[in-house]
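Now for the letters of each chain:
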Amino acid sequence: MTRREERAGAPMSAPRAAGLGLLGLACLFAVAEAVPRLGLIDPRHLPPATAIVRRLAAELGDADLWTALGETMRSWAVGLALACCLAVALGVLIDAVPGLRAATASTIEFLRPIPSVALIPLATLLFGAETGSTLLLVVYASFWQVLIQVLYGVADVDPVARETARSYRLGRWARLRHLVWPTALPYVMTGVRLAAAVAFILAVTAELVIGSPGLGLRIQLAQSGGAVTEVYALIVLAGLVGVAVNAVVRAVERRVLAWHPSVRGEVAR
Amino acid sequence: MSAAGTRPAGPLRRAALRLLRVLGLPVLLVLGWWIYSVAEPTFYLPTPGRVAGAFTEVWFSARITEDVLPSVGRLLTGYALAGLLGVGLGVAIGSSRALRAAAEPVLEFFRAVPPPVLVPLITLLAGLDTTMKVLVIVSGCVWPVLLNTVEGVRAVDEVLADTGRCFGLRGPARLRHLVLPAASPQIMAGLRQALSIGIILMVIGEMFASTSGIGHTVVLFQRGFAIPEMWSGIVVLGLLGFGFSLAFRAAERRILAWHLARGEERGRHA
Amino acid sequence: MLEITGLGKTYEGRGGVEALRKIDFRVDGGDLVCVVGPSGCGKTTLLKCVAGLLTPTAGEVRVAGRRVTGPPPGMAVVFQEYGRSLFPWMTVRKNVELPLREKKVPAPRRRELVEEALAAVGLADAAAAHPWQLSGGMQQRVAIARAIAYEPRVLLMDEPFAAVDAQTRAELEDLLLTLWRRLGVTTLLVTHDIDEAVYLGRRVIVLSSAPTVVQEDLAVDLPAARDQITTRSAPRFAELRAHVYAQIKQAKGRAAGDRTAGDRAAEESAPPRQVPSPAPRDLKRKTDGRTR
């Protein structure tokens, strides 16, 4: 491992990397401060970074913002949980019933690439500008992410292990519990991680476009009111929440898989 | 003789079974929808027949040239720009350890910003014209491409890189023969994510603030309670998504032929 | 052709690992020299310094009189990890051709060199295949073909046959000898296999364990024409093999700190040593009992 010292791909020491990372963030901040101050971009279009941060701090003192954020996160959590349960149940069912995988393949291949935003008009008709609309979009979008991974996972069960289990006359439930589920779990977690990011995007999107309550609606209101600084502040907030969502899900994934013997590569599709 | 008589039925039966597998469930689903919508007529769920009728009526018209093609054109323009930008920056950042460490938190942040929130922002900055819609698509699509390229370039195999150095592979030749091919599986994964984000942004850009495009038309139908027409718009969006995904997969099969075949080879020996 | 003087390499980082302390030896033009040493003695580090892939922290490497600061022109390297050293997105032909293209060899000559090299390693029919479609031994043949098509003045090989099965290994060893005899290219081969070193080398350089110095520089006085059966069963082969084996055992057993600088200096400046008499130990070992 010491041999890699002179390579671009080699890891560097953690404090040095963290220092450089901070430097990168500082540079971004400095540029975002300097560009409007120097008049390179009209400050009405891009307020200085300090103004955005001040505005964000003011927003965070506002109870309404926390209510809106709570709405968004609730839609995110409920939608994600629903989608995961549905996808895992369906994935396991497809694996368990002979022939079902072949029969459903074409339908899944067709439905999966349908952009979730295509359902926005339908959601608006069915639920109006309410949380139901957000949930519909969140569930639809994250469902496919998990389902695809579950299907990869259950297909990955070692055939020899499968035959061993059958030769010992393990029942259907025992096979599921001790063979299929542990094999599929890393894939499921990958699916959940991908779905969590997608779910957050769709939650905000639905609020933004349909106007259901939440962070997205606040951004839309700020935009239509011409409050540019507030729009920026809320976008920064959305980004920070997104970073937090990714970090939490990754931590959960590591915990859940800490005991897992296999280290699996991520399935690209 | 009888054996010879039954034998040709084999492939035929297999083909029939295959057809049944591919089409069976979709046909059942459409049939179910049809029966349901006839038995229990609701305002929101017209029969498949009416949707199909609205589809031909609405979309086989000037709308193709006025709404669909411009939408698709903007999507492709933005997507291509994002691809170039993402791969270019990604190669630069991925090749330098220090730059990568410095850029990582910034990129993590930008990736985590839900791309659709950029729509209102860019509307404020660039107005409602084509530039804004393309810009929206670029600003959303560039991150997955960029991040995946960085990762792919970073992970170029050490032995391969040494081999390249020994044989004097430098500059553009190194990029073309070593770095880009080695990173291509990752880059394609990024482009795939970017494509679905691009479609979403295309639709949202048009829904949010536009006077034309598929997204705009669909929302108009919904607001006017033209339900079969609205459904036909959803079908168009679905078909677009499906079509792009097919096209992408075909492109990927060509570009990553070596990678996919190698994976199969490994799977066989494993 | 190849001069290594006072070469040292210490990896920076916590504590600083001293991989190579002071390595001196030279390889004459057209010679075939094998480097063996106990595992972890820095054989690969040495080779990478010679190849210009690593910068030494002391001393220098000269190829044809010119100091090595990066991969020098006219040098080809064959790595142990053939699967990672061939470009998987290129066919066998393209793999062999790419370095020639970079060397600005005109197209007709390029084609000629590729054909010749592939024919020389017995892979003329596999030119259109991708490397990963071939067996391990065939992949390493492609890597060798790429190296010889490059027409190098110096050929470096880093445990080139360590990752293939025993029979393929014997075949590849003979292939290397044939090619070397035909092309007369200066070759430096690093291996952990004592039999292989004695069988292939005209000289064997035995390294000590880390921090590494040259433990012995041994001339192999076997007949130039070698083959797997007669050479390996010759009594002289067994003697040399036993001698090198004893040296390595000694290197492993002795902590490097015990040795005085004077010892080392005496050994390093010594010319290639001849083994005068049968080594007492290990003579009874079967010749095919490889030490791995």
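About the criteria used
Residues numbered from 1 in each chain as written. Chains lettered and ligands numbered in written order. Predicted model: local features only at pLDDT ≥ 70, side-chain atom pairs only at ≥ 80, totals over all residues. Heavy atoms only, no water. Phe/Tyr/Trp six-rings, centres within 6.5 Å; stacked < 30°, edge-to-face > 60°. Helix = DSSP H or I, 4+ residues; strand = E, 2+ residues; numbered from the N terminus. Buried < 20%, exposed > 50% of the residue type's maximum accessible area, 1.4 Å probe, protein only. 1 Å grid on protein atoms, 1.4 Å probe; cavity = no way out; pocket = protein on both sides within 12 Å on 5 of 7 lines; lining within 4 Å. Points joined across faces, edges and corners; volume = space filled by probe spheres on them. Nonpolar A, V, L, I, M, F, W, Y, C, P; charged D, E, K, R; others polar. Pairing = 2+ DSSP bridges. Right-handed = clockwise from strand over helix to strand, strands pointing away. Contact = heavy atoms within 4.5 Å. Buried area = accessible area lost by both parts, 1.4 Å probe. Salt bridge = Lys/Arg side-chain N within 4 Å of Asp/Glu carboxyl O. Polar contact = N/O pair within 3.5 Å; in protein donor to acceptor, adjacent residues only side chain to side chain. Axes fitted to C-alpha atoms, helices over the stretch in contact; angles between N-to-C directions. Patch = residues over 30% accessible without salt bridge, like charges linked within 9 Å, V, L, I, M, F, W, Y side chains within 5 Å. Areas by Shrake-Rupley, 256 points an atom, 1.4 Å probe, with all protein chains shown as cover. Core = buried A, V, L, I, M, F, W, Y, C linked by side-chain atoms within 4.5 Å. Expected span 1.5 Å × (residues − 1).

K.L.:
Now, about the packing of aromatic side chains: what can you tell me, with residues and values included?
P.N.:
Any pair of aromatic rings gets described here by the distance separating the centres and the angle formed by the planes. Per the counting criterion, the structure on display carries ten aromatic pairs over all chains. Consider the rings of B:Trp33 and B:Trp231, whose centres lie 6.1 Å apart with planes at 40°: the pair is tilted. Here B:Trp231 lies in helix 11 (residues 227–255) and B:Trp33 lies in helix 2 (residues 9–39), a separation of 198 residues in the sequence. Look at B:Trp33 and you get partly exposed, because its relative accessible area is 26%. The buried category is assigned to B:Trp231, whose relative accessible area is 15%. For the pair B:Trp258 and C:Trp89, a centre-to-centre distance of 5.1 Å together with 65° between the ring planes defines the contact as edge-to-face. Here C:Trp89 lies in the loop between helix 2 (82–85) and helix 3 (92–102) and B:Trp258 lies in helix 12 (residues 257–269), a pairing that spans two chains.

K.L.:
Can you explain empty space enclosed by the protein? Please cite residues and give values.
P.N.:
Residues and elements named next belong to chain C. Within this structure, the stated rule accounts for one cavity of 30 Å³ or more. Size it by volume and the largest cavity reaches roughly 40 Å³. Forming the walls of the largest cavity are Leu177, Trp180, Leu200, Arg202, Ala224 and Arg226. Looking at side-chain class alone, the lining of the largest cavity contains four nonpolar, no polar and two charged residues.

K.L.:
Tell me what's going on with the pairing of strand 7 (residues 154–158) of chain C, and back it up with residues and numbers.
P.N.:
Residue and element names in this part refer to chain C. Most of strand 7 sits inside the fold, with five of its five residues counted as buried. Where burial is concerned, the two faces of strand 7 agree: the one with Val154, Leu156 and Asp158 and the one with Leu155 and Met157 are both buried. As paired elements, strand 6 (residues 75–78) and strand 7 share four bridges and run parallel to each other. Residue Ala76 lies in a different strand from strand 7, and its bridge partner there is Leu155. Here strand 7 runs beside strand 8 (residues 186–190); their pairing, made up of five bridges, is parallel. From the neighbouring strand, Leu156 faces strand 8, where its bridge partner is Leu188. One crossover worth recording links strand 7 to the parallel strand 8 by way of helix 6 (residues 166–183), and it is right-handed.

K.L.:
Could you give me a rundown of the interface of chain B and chain A, with the residues and numbers involved?
P.N.:
Contacts between the two partners involve 56 residues from chain B, matched on the other side by 57 residues from chain A. Summed over both partners, the interface of chain B with chain A comes to about 5000 Å²; 74% of that surface belongs to carbon and sulfur atoms. Between A:Arg250 and B:Glu108 there is a salt bridge, and its shortest N-O distance comes to 3.8 Å. Applying the counting rule to chain B against chain A returns two residue pairs in polar contact (both at pLDDT 80 or more). Only helix 2, helix 5 (97–112), helix 6 (118–126), helix 8 (158–166), helix 9 (171–208), helix 10 (214–223) and helix 11 of chain B provide two or more residues apiece to the side of chain B that touches chain A. Among the residues forming the side of chain B that touches chain A, the class breakdown is 38 nonpolar, six polar and twelve charged.

K.L.:
So what about the sheet that holds strand 1 (residues 2–11) of chain C? Which residues, and what values?
P.N.:
Residue and element names in this part refer to chain C. Here ten strands make up an open sheet; going across it, the order is 5-4-1-2-10-9-3-8-7-6 and the pairing mixed. Each edge of the sheet is formed by a strand with only one pairing partner; in this case those strands are strand 5 (66–67) and strand 6. Here strand 4 (residues 58–63) runs beside strand 5; their pairing, made up of two bridges, is antiparallel. Opposite Val63, over in strand 5, you have Arg66 as the bridge partner. Against the sheet, helix 5 (residues 136–149) engages strand 6 and strand 7, with an angle of about 175° to strand 6.

K.L.:
I'd love a proper account of helix 10 of chain B, names of residues and values included.
P.N.:
Most of helix 10 of chain B is tucked away: eight of the ten residues are buried. Listing the buried residues of helix 10 of chain B in full gives B:Ile214, B:Gly215, B:His216, B:Thr217, B:Val218, B:Val219, B:Phe221 and B:Gln222. Among the structural elements, helix 5 (120–127) of chain A together with helix 3 (48–59), helix 4 (63–95), helix 9 and helix 11 of chain B are those in contact with the buried residues of helix 10 of chain B. Trailing helix 10 of chain B by a residue or two, B:Phe225 shows a phi angle of about 55°, which is positive.

K.L.:
I'd love a proper account of a nonpolar patch on the surface, names of residues and values included.
P.N.:
A cluster of nonpolar side chains, contributed by B:Leu19, B:Val22, B:Leu23, B:Val27, B:Leu28, B:Val30, B:Leu31, B:Trp34, B:Ile35 and B:Val38, occupies part of the molecular surface with about 910 Å² of accessible area. Mapped onto the fold, B:Val30 is located in helix 2.

K.L.:
Outline the environment of A:Trp181, supporting the account with residue identities and numerical values.
P.N.:
All names here are of chain A. Summarising the element assignment, Trp181 is placed in helix 8 (residues 172–210). Given a relative accessible area of 34%, Trp181 falls into the partly exposed group. Sequence-wise, Trp181 and Val150 are 31 residues apart; in three dimensions their C-alpha atoms are separated by 9.5 Å. The contacts of Trp181, once residues within four sequence positions are left out, are Val88, Leu176 and Val188.

K.L.:
How would you explain the nonpolar core if you had to name every residue and give the values?
P.N.:
By size, the foremost hydrophobic cluster in this structure holds 131 residues, and its most contacted members are A:Trp76, B:Met202, B:Ile214 and B:Met230. Looking at this core, the element that brings in the most residues is helix 8 of chain A, giving 17 residues. Counting 58 residues, the second largest nonpolar core, distinct from the first, contains B:Phe167, C:Ala127, C:Val164 and C:Leu177.

K.L.:
Provide a residue-level description of unusual backbone geometry, including the pertinent values.
P.N.:
Residue and element names in this part refer to chain C. Even without glycine at this site, Lys104 takes up a positive phi of about 65°. As for its position among the elements, Lys104 is in the loop between helix 3 and helix 4 (107–120). A relative accessible area of 68% places Lys104 in the exposed class. Within the chain, Glu151 stands out as a residue other than glycine whose phi angle is a positive 50°. Its place among the elements puts Glu151 in the loop between helix 5 and strand 7.

K.L.:
I'd like a description of helix 1 (residues 14–37) of chain A, backed by residues and values.
P.N.:
Over its 24 residues, helix 1 of chain A runs 34 Å from end to end, which matches the ideal 34 Å to within 8%, given 1.5 Å per residue. When helix 1 of chain A is considered as a whole, its buried residues turn out to be A:Leu20, A:Gly21, A:Gly24, A:Glu33, A:Val35 and A:Pro36. Lining the buried residues of helix 1 of chain A we find helix 2 (49–60) of chain A together with helix 5 of chain B. A:Gly39, located one to two residues past helix 1 of chain A, shows a positive phi value of around 80°.

K.L.:
So what about the pattern of salt bridges? Which residues, and what values?
P.N.:
Taken as a whole and assessed by the stated rule, the structure comprises 40 salt bridges over all chains. Across the salt bridge formed by A:Arg74 and A:Glu71, the nearest N and O atoms sit 3.6 Å from each other. Here the residue A:Arg74 and the residue A:Glu71 both occupy positions in helix 3 (residues 63–96), the gap between them amounting to three residues, near one helical turn. The closest approach of N and O atoms between B:Glu252 and B:Arg192, which form a salt bridge, is 2.9 Å. You can see B:Glu252 sitting in helix 11 and its partner B:Arg192 sitting in helix 9, a full 60 residues away along the chain. Taking the relative accessible area as the measure of exposure, B:Glu252 reaches 7% and is therefore buried.

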